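# A closer look at the structure
The lines below spell out each chain.
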Amino acid sequence: MTELELRKAICEVGRRLYAKDLAVATDGNISVRLGPNRYLCTPSGVSKGFMAPNDLIIADGKGVKISGAGKVTSEIYTHLAAYEERPDMNAVIHAHPPKAIAFTLAGISLAECILPEVVYSIGGVPTTEYATPATREGSEVIRGLIRQCDAVMLNRHGAVTVGVNVFDALFKMEKVEHAASTLLTAQLLGQVPRLTRDEVEKLYVVRKDYGVTGKAFKCETCSSNTGQTCPSGTPPTTSLDQVFEETLRALEARP
Ligand SMILES: [Zn+2]
């Protein structure tokens with residue numbers, strides 16, 4: 001991927017986050033790892049729905065700007081902590097998925113294994129301690145959890161997802177909000193039972209067999225050791241990188 005392609009991909013992901021109400025106004029931030037000490041990230045104070053490739057900033061591993069006109073995103077330390085903890089991942093998204101945030105406000109965890117498809121793809125979504133947004137506190141509260149899984153809720157604030165590329169991170173963000181939305185509706189309709197431990201174990205086998213990458217959080221009920229992560233499989237023949245390149249090509253081919 002060239003740097004220009006990555007810039008275009010970030011802008012496309014920004015438009016989708018904005019259009020799907022996952023990042024309103026100037027909320028949210030997106031980054032990709034360009035190299036060992038170089039990160040391409042969204043600027044602070046700009047709507048993620050209206051970015052152009054040249055608006056993006058390159059920052060170093062300490063969050064200091066290397067190039068670009070605007071200011072580095074206020075959540076850069078949270079992104080850098082995620083990259084430090086997850087050398088297997090190349091993209092980080094922070095957004096404000098409204099229903100998922102509402103679960104953290106109500107003190108209801110999204111870490112329980114309820115929806116099989118979510119357990120299969122991202123696992124449970126645990127919630128961090130509260131940290132003041134846009135400060136270094138965010139980077140401290142996220143470390144322990146992002147080490148174990150690809151999607152984390154920031155208490156009273158938002159969500160962070162990591163991906164092998166920026167579209168992978170977007171899809172995980174969409175899944176977090178979709179799971180919250182489904183659960184909310186289900187809870188309005190009646191009681192929502194968890195999957196049994198056996199059912200969850202079977203899902204982890206399928207997950208491994210299909211080569212789902214990334215790490216999935218096991219909830220307390222399903223794991224003998226709290227926070228134990230399930231094994232991730234060997235990547236399938238169609239890699240997420242291929243999906244990424246195909247998506248970009250399709251976008252480029254648009255009139
Ligand atoms: Zn935020």
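A short tour of the structure in this document, coming up.

Conventions and cut-offs
- Residues numbered from 1 in each chain as written.
- Predicted model: local features only at pLDDT ≥ 70, side-chain atom pairs only at ≥ 80, totals over all residues.
- Heavy atoms only, no water.
- Helix = DSSP H or I, 4+ residues; strand = E, 2+ residues; numbered from the N terminus.
- Buried < 20%, exposed > 50% of the residue type's maximum accessible area, 1.4 Å probe, protein only.
- Areas by Shrake-Rupley, 256 points an atom, 1.4 Å probe, with all protein chains shown as cover.
- Pairing = 2+ DSSP bridges.
- Axes fitted to C-alpha atoms, helices over the stretch in contact; angles between N-to-C directions.
- Contact = heavy atoms within 4.5 Å.
- Core = buried A, V, L, I, M, F, W, Y, C linked by side-chain atoms within 4.5 Å.
- Donors = N, O, S within 2.8 Å, 3.2 Å for Na, K, Ca; no water.
- Phe/Tyr/Trp six-rings, centres within 6.5 Å; stacked < 30°, edge-to-face > 60°.
- Lys NZ or Arg CZ within 6 Å of the ring centre and 35° of its normal.
- Salt bridge = Lys/Arg side-chain N within 4 Å of Asp/Glu carboxyl O.

## What about the overall build of the protein?
Assigned secondary structure in the protein consists of eight helices and seven strands. In the protein, which comprises 255 residues, the share counted as buried stands at 49%. Of the roughly 11900 Å² of accessible surface on the protein, 54% is carried by carbon and sulfur atoms.

## Digging into the sheet that holds strand E3 (residues 57-59)
What the seven strands build is an open sheet, ordered E4-E3-E2-E1-E5-E7-E6; its pairing is antiparallel. Unpaired on one side and paired on the other, strand E4 (65-67) and strand E6 (151-154) mark the two borders of the sheet. Across this sheet, the average inter-strand angle for adjacent strands is 25°, counted without regard to direction. Sheet topology note: the strand E2 (residues 38-41)/E3 ladder contains three bridges and is antiparallel. Directly across from leucine 40, in E3, lies its bridge partner isoleucine 58. The strands touched by helix H5 (residues 137-146) within the sheet are E6 and strand E7 (158-163), with E6 carrying the most contacts at an inclination of about 145°.

## Comments concerning the nonpolar core
In this structure, Leu17, Ile93 and Val166 are the most contacted members of the largest nonpolar core, which totals 39 residues. Taken together, the elements giving at least two residues each to this core come down to helix H1 (3-19), strand E1 (29-35), strand E5 (91-95), helix H3 (98-105), E6, helix H6 (166-189) and helix H8 (240-252). Among the elements that make up this core, the one with the highest residue count is H6 (nine residues). Beyond its immediate chain neighbours, meaning those up to four positions away, leucine 17 contacts Leu22, Ala23, Ile30, Ile93, Ala95, Leu170 and Met173. Counting residues in each nonpolar core, the second largest holds 23 residues, with Ile57, Ala81, Ile146 and Val160 among its members.

## A look at the coordination of the zinc ion
On the protein side, the zinc ion has His94 (NE2), His96 (NE2) and His157 (NE2) as donor atoms, found 2.0 Å from it. If you list the donors of the zinc ion from N- to C-terminus, the spacing comes out as H-x1-H-x60-H.

## Considering the packing of aromatic side chains
Evaluated as defined, the whole model comprises two aromatic pairs. Each ring, one from tyrosine 18 and one from phenylalanine 50, has its centre 5.3 Å from the other, and the planes form 70°; the classification is edge-to-face. Linking tyrosine 18 in helix H1 with phenylalanine 50 in the loop between E2 and E3, this pair joins segments that are 32 residues apart in sequence. For phenylalanine 50, a relative accessible area of 59% corresponds to the exposed category. Centroid distance tyrosine 39 to tyrosine 83: 4.8 Å. Interplanar angle 35°. Geometry classified as tilted. Highlighted residues: tyrosine 39 in strand E2 and tyrosine 83 in helix H2 (residues 76-85), separated in sequence by 44 residues. You can call tyrosine 39 buried: its relative accessible area is 6%. The exposure class of tyrosine 83 is buried, given its relative accessible area of 3%. Over the aromatic face of tyrosine 77 sits the side chain of arginine 136, whose NZ or CZ is 3.9 Å from the ring centroid.

## Examining the pattern of salt bridges
What the rule picks out here adds up to 14 salt bridges. Among the salt bridges present, the one from glutamate 3 reaches arginine 38, with a minimum N-O distance of 3.7 Å. On the criterion of sequence distance, the pair formed by glutamate 3 in helix H1 and arginine 38 in strand E2 is long-range, its members being 35 residues apart. Linked through salt bridges whose partners overlap, the residues forming this network are Glu84, Glu85, Glu140, Arg143 and Arg147.

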